[in-house]
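# Structural description and commentary
Given next are the chains, with one letter for each unit.
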Protein chains: 2
Amino acid sequence: METPAAGSAEMPRQFPKLNISEVDEQVRLLAEKVFAKVLREEDSKDALSLFTVPEDCPIGQKEAKERELQKELAEQKSVETAKRKKSFKMIRSQSLSLQMPTQQDWKGPPTSSPVMSPTTPVFPGATSQPTPAPYAMPEFQRVTISGDYCAGITVEDYEQAAKSLAKALMIREKYARLAYHRFPRTTARYLGHRRGDTVPPEEGLPDFHPPPLPQEDPYCLDNAPPNLGYLVRMRGGILFVYDNKKMLERQEPHSLPYPDLETYTVDMSHILALITDGPTKTYCHRRLNFLESKFSLHEMLNEMSEFKELKSNPHRDFYNVRKVDTHIHAAACMNQKHLLRFIKHTYQTEPDRTVAEKRGRKITLRQVFDSLHMDPYDLTVDSLDVHAGRQTFHRFDKFNSKYNPVGASELRDLYLKTENYLGGEYFARMVKEVARELEESKYQYSEPRLSIYGRSPEEWPNLARWFIQHKVYSPNMRWIIQVPRIYDIFRAKKLLPSFGKMLENIFLPLFEATINPQDHQELHLFLKYVTGFDSVDDESKHSDHMFSDKSPSPDVWTSEQNPPYSYYLYYMYANIMVLNNLRRERGLSTFLFRPHCGEAGSITHLVSAFLTADNISHGLLLKKEALMEEYAIAAQVWKLSTCDLCEIARNSVLQSGLSHQEKQKFLGQNYYKEGPEGNDIRKTNVAQIRMAFRYETLCNELSFLSDAMKSEEITALTQ
Amino acid sequence: METPAAGSAEMPRQFPKLNISEVDEQVRLLAEKVFAKVLREEDSKDALSLFTVPEDCPIGQKEAKERELQKELAEQKSVETAKRKKSFKMIRSQSLSLQMPTQQDWKGPPTSSPVMSPTTPVFPGATSQPTPAPYAMPEFQRVTISGDYCAGITVEDYEQAAKSLAKALMIREKYARLAYHRFPRTTARYLGHRRGDTVPPEEGLPDFHPPPLPQEDPYCLDNAPPNLGYLVRMRGGILFVYDNKKMLERQEPHSLPYPDLETYTVDMSHILALITDGPTKTYCHRRLNFLESKFSLHEMLNEMSEFKELKSNPHRDFYNVRKVDTHIHAAACMNQKHLLRFIKHTYQTEPDRTVAEKRGRKITLRQVFDSLHMDPYDLTVDSLDVHAGRQTFHRFDKFNSKYNPVGASELRDLYLKTENYLGGEYFARMVKEVARELEESKYQYSEPRLSIYGRSPEEWPNLARWFIQHKVYSPNMRWIIQVPRIYDIFRAKKLLPSFGKMLENIFLPLFEATINPQDHQELHLFLKYVTGFDSVDDESKHSDHMFSDKSPSPDVWTSEQNPPYSYYLYYMYANIMVLNNLRRERGLSTFLFRPHCGEAGSITHLVSAFLTADNISHGLLLKKEALMEEYAIAAQVWKLSTCDLCEIARNSVLQSGLSHQEKQKFLGQNYYKEGPEGNDIRKTNVAQIRMAFRYETLCNELSFLSDAMKSEEITALTQ
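Just so it is clear, the structure is predicted and the values come from calculations on it, not from any experiment.

### Things to note about the packing of aromatic side chains
- Evaluated as defined, the whole model comprises 71 aromatic pairs over all chains.
- With 4.8 Å between their ring centres and 50° between their planes, Tyr473(B) and Tyr529(B) make a pair best called tilted. Here the residue Tyr473(B) occupies a position in the loop between α15 (459-469) and β8 (479-484), and Tyr529(B) occupies one in the loop between α18 (521-527) and β9 (530-536), the gap between them amounting to 56 residues. The two residues Tyr473(B) and Tyr529(B) agree in class, both being buried.
- Through successive ring pairs, a cluster of aromatic residues spans Phe15(A), Tyr175(B), Tyr264(B), Tyr487(B), Phe499(B), Phe547(B), Trp557(B), Tyr567(B), Tyr568(B), Tyr570(B), Tyr571(B) and Tyr573(B).
- Taking NZ or CZ as reference, Arg172(A) lies 5.8 Å from the ring centre of Phe610(A), over its face.
- A cation sits over an aromatic face here: Lys323(A) above Phe318(A), 4.8 Å from the ring centre.

### A few points about the packing of helix α4 (residues 155-178) of chain A against helix α25 (residues 688-709) of chain A
Residues and elements named next belong to chain A.
- It is the contact of α4 with α25, at a shortest axis distance of 8 Å, that shows an interaxial angle of 105°. With respect to each other, α4 and α25 are oriented roughly perpendicular. Contact residues: α4 offers Tyr-158, Glu-159, Ala-162, Lys-163, Leu-165, Ala-166, Leu-169 and Met-170, while α25 offers Leu-702, Phe-704, Leu-705, Asp-707, Ala-708 and Met-709.
- Looking at the contact of α4 with α25, its residues break down into eleven nonpolar, no polar and three charged.

### Quick notes on the nonpolar core
- Among the nonpolar cores identified, the biggest contains 134 residues, and Tyr415(B), Phe467(B), Trp479(B), Ile481(B) and Phe526(B) are the most heavily contacted of them.
- The leading source of residues in this core is helix α19 (residues 565-585) of chain B, at 14 residues.
- Residues Leu261(A), Leu339(A), Leu414(A) and Phe591(A) belong to the second largest nonpolar core, which totals 115 residues.

### What to know about the pattern of salt bridges
Residues and elements named next belong to chain A.
- Under the criterion given, the structure shown has 60 salt bridges over all chains.
- Where Glu-357 meets Lys-362, a salt bridge forms, and the shortest distance between an N and an O atom there is 3.4 Å.
- Overall, the relative accessible area of 42% leaves Glu-357 in the partly exposed class.
- The partner of Arg-690 in a salt bridge is Glu-647, and the shortest N-O contact between them spans 2.7 Å. Within this pair, whereas Arg-690 is found in helix α25, its partner Glu-647 is found in helix α22 (residues 642-655), the two being separated by 43 residues in sequence. Each member of the pair Arg-690 and Glu-647 is classed as buried.

### Considerations on helix α23 (residues 660-667) of chain B
Residues and elements named next belong to chain B.
- Counted residue by residue, α23 has six buried out of eight residues, so it is predominantly covered.
- Those residues of α23 lying buried are His-660, Glu-662, Lys-663, Gln-664, Phe-666 and Leu-667.
- Residues of α23 that are buried in the fold lie against β7 (444-451), α22 (642-655) and α24 (681-684).
- Just downstream of α23 lies Gly-668, where phi reads positive at about 125°.

### Some remarks on the pairing of β8(B)
Residue and element names in this part refer to chain B.
- Most of β8 sits inside the fold, with six of its six residues counted as buried.
- By the alternation rule, side chains of β8 split into Trp-479, Ile-481 and Val-483 and Ile-480, Gln-482 and Pro-484, which are all buried.
- In the classification by handedness, the crossover that spans β7, the intervening α15 and the parallel β8 is right-handed.
- With six bridges joining them, β8 and β9 adopt parallel strand pairing. Bridge pairing links Ile-480 to Gly-532 in β9.

### Some details on unusual backbone geometry
- In this structure, Lys494(A) takes a positive phi of about 60° despite not being glycine.
- As for its position among the elements, Lys494(A) is in the loop between α16 (487-492) and α17 (499-515).
- The residue His315(B) is not glycine, and still its phi comes out positive at about 40°.
- Along the chain, the position of His315(B) falls in the loop between α8 (278-311) and β4 (323-329).
- On the basis of relative accessible area, His315(B) is assigned to the exposed category, the value being 67%.

Conventions and cut-offs
- Residues numbered from 1 in each chain as written.
- Chains lettered and ligands numbered in written order.
- Predicted model: local features only at pLDDT ≥ 70, side-chain atom pairs only at ≥ 80, totals over all residues.
- Heavy atoms only, no water.
- Phe/Tyr/Trp six-rings, centres within 6.5 Å; stacked < 30°, edge-to-face > 60°.
- Helix = DSSP H or I, 4+ residues; strand = E, 2+ residues; numbered from the N terminus.
- Buried < 20%, exposed > 50% of the residue type's maximum accessible area, 1.4 Å probe, protein only.
- Lys NZ or Arg CZ within 6 Å of the ring centre and 35° of its normal.
- Axes fitted to C-alpha atoms, helices over the stretch in contact; angles between N-to-C directions.
- Parallel < 35°, antiparallel > 145°, perpendicular 65-115°, else oblique.
- Contact = heavy atoms within 4.5 Å.
- Nonpolar A, V, L, I, M, F, W, Y, C, P; charged D, E, K, R; others polar.
- Core = buried A, V, L, I, M, F, W, Y, C linked by side-chain atoms within 4.5 Å.
- Salt bridge = Lys/Arg side-chain N within 4 Å of Asp/Glu carboxyl O.
- Right-handed = clockwise from strand over helix to strand, strands pointing away.
- Pairing = 2+ DSSP bridges.

Treat this as a map of the structure, not an account of what it does.
What follows is the structure, given as structure tokens:
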């Protein structure tokens, strides 16, 4: 009886009548109201308002969301509803499981029966994994993809892409571990079972000096460790450590991992080949598109639940979660208004103070301004154009001159330098004012950059002295050393004989202070508050030298030509790596390499950083704004939710150089564990649902890689 | 040993060296190539080309897609790969199922354990469902949502929304079945078990007359069924049928479902209340957003697989799948160029033919143009502004005058009318030229609208005569009768005494031709090729009358005021419904009500159509273009894939008035079944994957509604 024309077995052909009085009066009144409204406003736009949902109006949306939330919270209290809720879940799971079998009729072999995406990681090979500590994990809706093993690409392509991506990760892991950089535990595990590597992820992590306790003096120079008497020599741009003279003569260096350029070239070649590989590009492109949609879907489905989690998190909002400005230049950490105020203040209070000396002639502050033909009272934020402008991008070597207040290097030297007639007093005072603001705000931290140029080995002790003399320490600041890539300028000025000398000026003092803290107490102390190195300059600067094991080594790099970015990064990494191992051996803190990368210039910069960097710094914008403002603006621009903002804040703390103890205090005991078990919502205000989504998504992507790696074995098995 | 600072159990601290010669030579060369390229083009934009994926360039994308496909097709042939593919699936399902249990640690009660969304429908209640016929169902990636029962809204809201949506669907189903309109089988089943309704979905479907066989004469007036002798009278705007005079006197109408306005008002109130209900709006808004993302995700994951399906479908592409223009006005079915050519042609060939008569004076074609002071040779497509322009939207009652070639009603009457001195010969000839084009293209069909105004009962026989006299029949055309909502104009011109009379003029001839085909052979024949009714006019026309059971009935609606849209629709539906039941009883074809709706004006129009229409016509654009062009343009505008286009084409055939036999021929034996089992890719070129996605998605949404409906029972059970 399949033909639609079938006349038989008709349904009873009469019209089932209803009586108006049977209708709930309310419905009738409402209907009439609607009709009336429509009649009145048929042509006016807001006739629709009755039937639409607040879409574009943020306020309307926010209100609607709030109402929703109140309802839900109220609901949770009702036993009745709880029961009903439960019953719905029962129906769902039942009615749905009912439907699974029939699906087979369509999909043939059970091997292809729907499969969930991973939720908590299982590390094949890793027999005993620590079971996650029990913690509240609210339910949420998971977006899972059942069916095929990977978006429509061929097995060969998938295999090739997955394997080369896995290889790339292993290479990065190798360099990260050698330098005591961080590498994600989960990723390590998914790769781990391959390399039979059994290092527990907690180990080989960087070590940052915890801040002194309140009662301790942050400038105390006592009990610096004794001299080890090691000797240090530069060979091929890398500092080698020798236990003593004899070993030095024998050229038998102290047992540390000294990097090998040939190996580095090989590894770099692999990554370079990878980024141009068709299948890999396609695979990544697809996965990234997919992940983007997956997240938007997750938000759509769980926005309310995440929102609920945060709301039920007592007295925590975005303003009282810890956040770190991981990328700011000390010379620009104060805003223009601040600098302007400070300049005017000094001019008012100490115009006759001697602040400089030119050809033996002492110069007062008033004289400085007179010589510039300017009166501080005329200065305005606009005339005081100190922040990085357009040109800064393109002529980064002009970076410093760009930071001249009203372009006068006199004022820069006076107010924004650590080395000048006043011993950098003005600069120190301003930095400290910024520090006080952070300390008052309590939840904001920053990692300002101080410059080491490598012109002379004296830069280090001077910087340390400046720091201690002016008591620049602040619990809310950790220091990063930025090294401008301007060898060419110094070389042209005959300030340096070779690139090797520049490297020596930058790193030798650190090795000496590490081997013999007793005789370098100030630097030793200062280094407790230094957590990493940055490499800065105009990335778009072109270089036609191709870095490889054939390149001239730094000690013979004497030309005025600047080495390429990749060359700088390798030798910075190499020396930091050796240094970190030496310091770790002594139980001293280690440093992170966090170069600027990817702002401009060649894509290969990212390859170098992928191998050598713990993480990369970026974002000129940050130079201009107070931290909180940035978040507020970002939220506006990208429509970020509170949960998004708190997630970003949490990440900024994670990747910062704050010590293990501080991170435990700010993020929670298990902060270094990945996924929800590493998150303490009471401190971070990041929804566990969000954490779970990120973690499960990561695991799913990683499982694609590890599956590809074990394919041969399995293929063998299934023969 | 959980602290990251852990110094013990260090990984061996040496640098693992690699030898350059160990690297695959290829990798090295490639790396150098990359480097070289970068060095050369660092600053030029296309340096990136190496590393990017064709994103914006459609050609690039298409090529990439083609390459991918070739690979995949090649792959399918390789046994080796097949094995590997299988092994991957094994790994996936295994590695993933491995991960499921551990998930419990997080998610607590098993009730919340992930649950798949439905894939093939199971109709709770409906004990024995026909198992789908076996057909090729390629695997694809399903987007499923595990976890909670419904996006973050409260149980109360979900329940309320789901229940009122289900109720609305049931109301629509009632009116659809009564009028032999179509109602989706799947939806009916999900609602069905509620109402204990056991009507097999194949039944109660509309019945369209199959086209005559090639050897048959489409104009054969023989064997019209005999006279039943029934009598017809209008009561309250609805035609009632009486078996004979006696019954008429007794006011005992023939047993047919005669609609009841009070009931209709009640039902309408429910829908009106529904569309303003907060929870329902929120629920729908969320689901719609979700479904949009779900589809884009589906496309992302399965685009290639769908593409593959189509490619492996021999000699079928978008150009040779059947498609129907379901919305076109006969008077505008030819494009301007065509009309222009035709006018010039007639002027050249028969200038002296008498083509009109004014006050008894015969007028030749030349005289017509002379009186208009125009020479056809001067006519251009632009001067010939016949297509619907801006004003048409706003003064739809001017619709006809708008269709004046160069605004001259003489030309309109002459070329675009069925009733004139030439008996509509010119119009017929043009329509037939269009029909020939369709027949030649073979795969294109259309459903042009012809007007019945309801001014006089003679319109019907005249139209039928025109059709037969000029042999307008075409296998590629089915006819829809459009009734302009312009009672007010006729009333003002004193052409009609009441709205009831207009309805009588429109429907009485149809009842008579149905009861007594013998004496109305021409109309009886013509009706074989008429498949439905359209209601047309400017929807934005405002009316301040609120339609309800309190409204004056049509026979007493004598004012010059035009009744509102809802009033028109109800009485059109009511009479079509009775007529269809009468015709069905005689085994004659039935008609669909397919009004224009939602172009402009009140949202309540959609409510009326939701109750009374089989489907709604819309889209003025279609009036201008040849069918194929439209698709091409749409494809450009919305970036539609071939699969998308073929899906639209398939839907156009489904919702058209083509007969069961034709649809089986064009779409496949089981076209009327929903989901993949109803699709024959060999004919439709629509991927089964797409069909499955649509079907499973529909079932998932419907299951939310049916689950809500059974909630009480279950709650009772779980007490």
